[in-house]
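# Observations on the three-dimensional arrangement
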Amino acid sequence: MNDAITQLIELQEVDHMRGDLASRVKGLEAQKEQLRHKAQLERSTVDKLQEHVETLKHNSRMMNLEVDKLDDQIREYQNQLDNGIISFKEMEALRTKIGNQKARIGEMEDEALHLMDEIEETTQRHAREVEKLAAYEVDLESEIGKIDEHIGQLQQEIKEWEKKREDIVAALPRHVIQQYEHLHARFADPVVPIENGTCAGCKLTVSGTTIERARDGMEIVTCENCSRILYAQ
Ligand SMILES: [Zn+2]
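Rules and cut-offs
- Residues numbered from 1 in each chain as written.
- Predicted model: local features only at pLDDT ≥ 70, side-chain atom pairs only at ≥ 80, totals over all residues.
- Heavy atoms only, no water.
- Domains from an automatic or database assignment.
- Contact = heavy atoms within 4.5 Å.
- Buried area = accessible area lost by both parts, 1.4 Å probe.
- Salt bridge = Lys/Arg side-chain N within 4 Å of Asp/Glu carboxyl O.
- Helix = DSSP H or I, 4+ residues; strand = E, 2+ residues; numbered from the N terminus.
- Nonpolar A, V, L, I, M, F, W, Y, C, P; charged D, E, K, R; others polar.
- Buried < 20%, exposed > 50% of the residue type's maximum accessible area, 1.4 Å probe, protein only.

### Quick look at the domain arrangement of the chain
Here the domain parsing of the chain yields domain 1 (3-171) and domain 2 (181-232). Measuring from the centre of the C-alpha atoms in domain 1 to the corresponding centre in domain 2 gives 60 Å. The partner domain 2 presents 10 residues to the 8 residues of domain 1 that form the contact. When the buried surface of domain 1 facing domain 2 is broken down by residue, Ile 5, Leu 8 and Gln 12 rank first, second and third, together holding 56% of it. With a closest N to O distance of 3.3 Å, Arg 165 and Glu 181 form a salt bridge. When residues in the side of domain 1 that touches domain 2 are grouped by element, the largest group, 7 residues, is from helix 1 (residues 3-83). Partitioned by chemical class, the residues of the side of domain 1 that touches domain 2 number 4 nonpolar, 2 polar and 2 charged.

So, in structure tokens, the structure goes:
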């Protein structure tokens with residue numbers, strides 16, 4: 001077989017290796033991205049829980065203020081009842097108001113108790129989630145560290161294949177390399193054997209002359225149809 005062909009086949013194998021390694025690196029990068037995205041979601045869930053606790057606390061403060069306000073009003077009404085010179089009708093109206101306010105306070109105190117329970121429960125849940133998240137992030141970092149290590153190894157391998165590629169390229173005539181690169185941009189397999197009289201790339205029949213020239217191995221022969229470089233097996 002033609003020396004150049006032997007080297008082109010080797011070059012193609014090297015390119016396959018590089019391609020495989022590069023796609024494995026890409027897969028690992030995507031895996032890392034996915035892990036980071038998941039962590040982001042976990043963090044935002046915990047943040048939302050924290051926001052929820054803040055909202056509940058705010059509501060509780062507002063409710064206490066409201067109760068204080070109602071309390072002040074009752075005191076004011078009571079004061080008017082005790083000291084004011086007012087009609088019986090006005091006194092009745094004030095007593096009704098006081099009764100209503102007290103009932104409202106009673107309701108609000110019940111609500112406030114429920115709210116306190118909810119704050120307590122949500123705060124505890126948040127604390128548990130924070131703890132879980134911290135543990136998860138430790139695991140995540142170690143997972144990402146392992147992936148990075150793996151990527152590093154693959155990149156080292158890619159470098160070695162690139163060195164091998166440079167050596168092959170340096171040994172081949174420039175126009176042959178150009179022809180190969182041109183085909184490689186279109187096909188994953190720019191160099192193919194002739195199988196049963198057909199090009200193994202495009203599967204079309206190759207002329208008898210081309211087969212003979214490929215067998216002679218004196219020159220680089222290409223497929224009349226797809227232009228792939230052909231060799232006789
Ligand atoms: Zn072909």
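Now that the structure has been shown, we can carry on.
### Here we look at the pattern of salt bridges
The final tally for this structure, using the stated rule, is 17 salt bridges. With its nearest N and O atoms 2.6 Å apart, the salt bridge here joins Arg 165 to Asp 15. One end of the pair, Arg 165, is in helix 2 (residues 88-171); the other, Asp 15, is in helix 1, with 150 residues separating them in the sequence. You can call Arg 165 buried: its relative accessible area is 13%. Residue classification places Asp 15 among the buried positions, given a relative accessible area of 6%. Of the charged contacts, one joins Glu 219 and Arg 213 as a salt bridge, the two residues approaching to 2.9 Å between their closest N and O atoms. Each member of the salt-bridge network shares a partner with another, and the members are Asp 15, Arg 18, Glu 162, Arg 165 and Glu 181.

### Here's the deal with unusual backbone geometry
Residues other than glycine seldom take positive phi values, yet Lys 203 does so here, at roughly 70°. Within the secondary structure, Lys 203 is located in the loop between strand 2 (198-199) and helix 4 (208-216). Of note, the phi angle at Ser 227 is positive, near 75°, even though the residue is not glycine. By the secondary structure assignment, Ser 227 is in the loop between strand 3 (221-222) and strand 4 (229-232).

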